[in-house]
Amino acid sequence: MSNHSCIEIANEWGIVSARQAGRELSKEIGFGSVDQARITTAISELARNIYLYTEIGKIDLEEISDNHKNGKVRGIKVVASDKGPGIENLRDVMIDGFTTSGGLGAGLPGVKRLMDEFDIESIPGEGTTITTIKWLR
Amino acid sequence: MRIPILKLGRYLLISVQVELDDQTALQFQEDLLNKIHQEGSLGVVIDLTSVDMIDSFIAKVIGDVVEMSSLMGAKVVLTGIQPAVAITLIDMGVSLQEVQTALDLEQGLERLQQELGG
């Protein structure tokens, strides 16, 4: 697809750049203000996880489309990937309130609720890739 | 980047007009507590009208500063939370239950005046 951007998250400024890029792209695709806030917040959580738990990682943003029974639907795909330590127990990190950083523990379960599709792959010692999609309704 | 804190009698007024990065949020926390201490403020209104996103980190910083201010004896009211921000916070499962809120700056000040008896 035409619209694609990649933001490197090496420090906390990367978090701000990633969510600004996310807001711009979701506005362009045609999301309303509430969904724009949802997408931006999800990106912010994913970028912060990269910043907190790994040395470096990136957020890929892409406009996608899919054939749905009611015609073509557009959406935004957000992929957060890093080569960090990986997540030992995927079940724990999806529990509300679970945190290893002293935060609210709302990050990943929150992202899952904010977006329509959520997939996480993690190999301890190799890294983590989280793929999320929000469809335009 | 620093968020300006204005003094109005025994109150402090803050209007957050910048994109909140982590460092700015933490600096604000410290600045506000110092200002409360320095001015002997009884109440604080933090206006969030221009804030278009609050993630779990920023929510924690805000929740913490409200609690910290309360430990020092100052009441904090948050005002102007945007519809999209309110919806997103609840979606995320973040609740700012102990936090006082009002629709806008004016009502926030009224609320402080009622509670603190003028």
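Analysis parameters
- Residues numbered from 1 in each chain as written.
- Chains lettered and ligands numbered in written order.
- Predicted model: local features only at pLDDT ≥ 70, side-chain atom pairs only at ≥ 80, totals over all residues.
- Helix = DSSP H or I, 4+ residues; strand = E, 2+ residues; numbered from the N terminus.
- Rg over C-alpha atoms; globule rule 2.2 N^0.38 Å.
- Contact = placed C-beta atoms within 7 Å.
- Nonpolar A, V, L, I, M, F, W, Y, C, P; charged D, E, K, R; others polar.
- Axes fitted to C-alpha atoms, helices over the stretch in contact; angles between N-to-C directions.
- Parallel < 35°, antiparallel > 145°, perpendicular 65-115°, else oblique.
- Core = buried A, V, L, I, M, F, W, Y, C linked by C-beta atoms within 7 Å.
- Buried ≥ 20, exposed ≤ 12 C-beta atoms within 10 Å, placed from the backbone.
- Pairing = 2+ DSSP bridges.

Undergrad: Describe in detail the overall build of chain A, supporting the description with residues and values.
TA: When its secondary structure is counted, chain A shows four helices and five strands. If you list the helices and strands of chain A from N to C, you get β-α-α-β-β-α-α-β-β. Taken over the C-alpha trace, chain A has a radius of gyration of 15 Å; the compact-globule value for 137 residues is 14 Å, and the two agree within 12%. Taking the principal axes of its C-alpha atoms as reference, chain A extends roughly 40 × 30 × 25 Å. When contacts within chain A are restricted to residue pairs at least 6 apart in sequence, long-range pairs at least 24 apart make up 63% of them.

Undergrad: Which residues make up the interface of chain B and chain A, and what values go with them?
TA: By a frequent convention, interface size equals the accessible area lost on bringing the separate parts together. Taken residue by residue, the interface counts 20 residues in chain B and 24 residues in chain A. Listed by contribution, the elements that provide at least two residues to the side of chain B that touches chain A are helix H1 (22-39), helix H2 (56-72) and helix H3 (83-92) of chain B. When residues in the side of chain B that touches chain A are grouped by element, the largest group, seven residues, is from H3(B). Residue classes in the side of chain B that touches chain A are distributed as nine nonpolar, four polar and seven charged.

Undergrad: Account for the packing of H1(B) against H2(B), with residues named and values stated.
TA: Residue and element names in this part refer to chain B. Look at H1 against H2: their axes get within 10 Å of each other, and the N-to-C directions meet at 10°. Taken together, the axis directions place H1 and H2 in an arrangement best described as roughly parallel. Contacts from Asp22, Ala25, Leu26, Gln29, Leu32, Leu33, Ile36 and His37 in H1 reach Phe57, Ile58, Val61, Asp64, Val65, Met68, Ser69 and Met72 in H2. Tallied by class, the residues present in the contact of H1 with H2 amount to 11 nonpolar, three polar and two charged.

Undergrad: Talk me through the nonpolar core; I want residue IDs and the actual numbers.
TA: Residues A:Leu46, A:Ala47, A:Ile59 and B:Val44 are the most contacted members of the largest nonpolar core, which totals 57 residues. Here the element with the most residues in this core is helix H2 (residues 33-53) of chain A; it accounts for eight residues. Not counting the four nearest positions on each side in its chain, B:Val44 is found in contact with B:Tyr11, B:Leu12, B:Leu32, B:Ile36, B:Ser69, B:Ala74 and B:Val76.

Undergrad: I'd like to hear about the pairing of strand E3 (residues 71-82) of chain A, residue by residue, with values.
TA: Residue and element names in this part refer to chain A. Relative to E3, strand E2 (residues 57-68) runs antiparallel, the two sharing 12 bridges. The partner of Asp66 across the bridge, within E3, is Val73. Pairing analysis gives eight bridges linking E3 to strand E5 (residues 127-135), with the strands arranged antiparallel. The residue bridging Gly75 from the neighbouring strand is Trp135, located in E5.

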